[in-house]
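# Topology and contacts: notes
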Amino acid sequence: FQLLNDDQLFVLANQNRRLQRIEESNENEYIDQYYIELCSRYGKFLNIKLDVVEVHGWNEYFSLQIPTLLLAVALISTMCSMFLNDHHVGMDVILSISKYGNKSLIVSKLISILIVTTALTLLFTLSPIIVFLMSSGLSSVNSPIQIIQTFQYCQYDISIGQYLLFYLILRIVFFSTF
């Protein structure tokens, strides 16, 4: 199983020939710049060969949208009660004059939001992995990300596990600032 099939290699070879002609003629049109950028990004993958590995579960996992929506709803319903109820019931006046009411209360609420967001994000992100692992099994996390159909043209040399870790961190950061 190659990263690029024969048709794609033929296209890249033609693009390399065109790239040489462009460099010789010094044309700087947009499409020419596009070909130059395409060749520079994907040319390094021409000689890479991937092992034949059957992918189980990762295509389905990375195409799921429902856990993200459920996570957003859970975080909105949980986090709104942390700040809005104080003002609604009239506690904000009492809390602002108490010893630990102003800045320390806000800092402690923000820390608790970060902890709850991290826990809920891990729960909603890792629970589908557990379901796929129990139902159909998952292929190795050490396999290159390019064996997943969605990421077959990924230009970075990372494994599924590395991408999953980056995906988790990015979701925690996003939902913490959400």
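Let us now look at the confidence of the model for the protein chain. Per-residue confidence for the protein chain averages 78 on the pLDDT scale, and 79% of its residues sit at or above 70. Mean pLDDT across the secondary structure elements of the protein chain bottoms out at helix α1 (residues 6-25), with 67, and peaks at helix α7 (residues 160-177), with 91.

Our focus in this paragraph is helix α6 (residues 103-135). When the terminal C-alpha atoms of α6 are compared, their 48 Å separation across 33 residues agrees well with the 48 Å that a helix rising 1.5 Å per residue should span. The largest bend along α6 reaches roughly 25 degrees and is located at Leu126, with the proline Pro128 sitting one to four residues downstream. Those residues of α6 not exposed but buried are Lys109, Ile113, Thr117, Leu120, Thr121, Phe124, Thr125, Pro128, Ile129 and Phe132. Residues of α6 that are buried in the fold lie against α3 (58-62), α4 (66-88) and α7.

Taken as a whole and judged by the stated rule, the model has ten aromatic pairs. On the basis of an interplanar angle of 25 degrees and a centroid distance of 5.9 Å, the ring pair of Trp58 and Phe62 is categorised as stacked. With Trp58 and Phe62 both in helix α3, this residue pair falls four residues apart, about one helical turn. With respect to class, Trp58 is no different from Phe62; both count as buried. Centre to centre, the rings of Phe62 and Tyr167 are 5.8 Å apart; their planes meet at 85 degrees, and the pair counts as edge-to-face. Of this pair, Phe62 sits in helix α3 while Tyr167 sits in helix α7, and the two are 105 residues apart along the sequence. Among the aromatic residues, those joined into a ring-pair cluster are Trp58, Tyr61, Phe62, Phe151, Tyr163 and Tyr167.

End to end, α4 covers 32 Å across 23 residues, agreeing with the expected 33 Å (1.5 Å per residue, within 8%). The largest bend along α4 reaches roughly 40 degrees and is located at Ser81. Taken residue by residue, α4 has Pro67, Leu71, Ala72, Ala74, Leu75, Met79 and Asp86 as its buried positions. Where α4 is buried, its residues contact α5 (91-97), α6 and α7. Directly after α4, the chain includes Gly90, whose backbone phi takes a positive value near 85 degrees.

About the criteria used
Residues numbered from 1 in each chain as written. Predicted model: local features only at pLDDT ≥ 70, side-chain atom pairs only at ≥ 80, totals over all residues. Heavy atoms only, no water. pLDDT = per-residue confidence, 0-100. Helix = DSSP H or I, 4+ residues; strand = E, 2+ residues; numbered from the N terminus. Expected span 1.5 Å × (residues − 1). Bend = angle between axes of the 7 residues up to and from the residue. Buried < 20%, exposed > 50% of the residue type's maximum accessible area, 1.4 Å probe, protein only. Contact = heavy atoms within 4.5 Å. Phe/Tyr/Trp six-rings, centres within 6.5 Å; stacked < 30°, edge-to-face > 60°.

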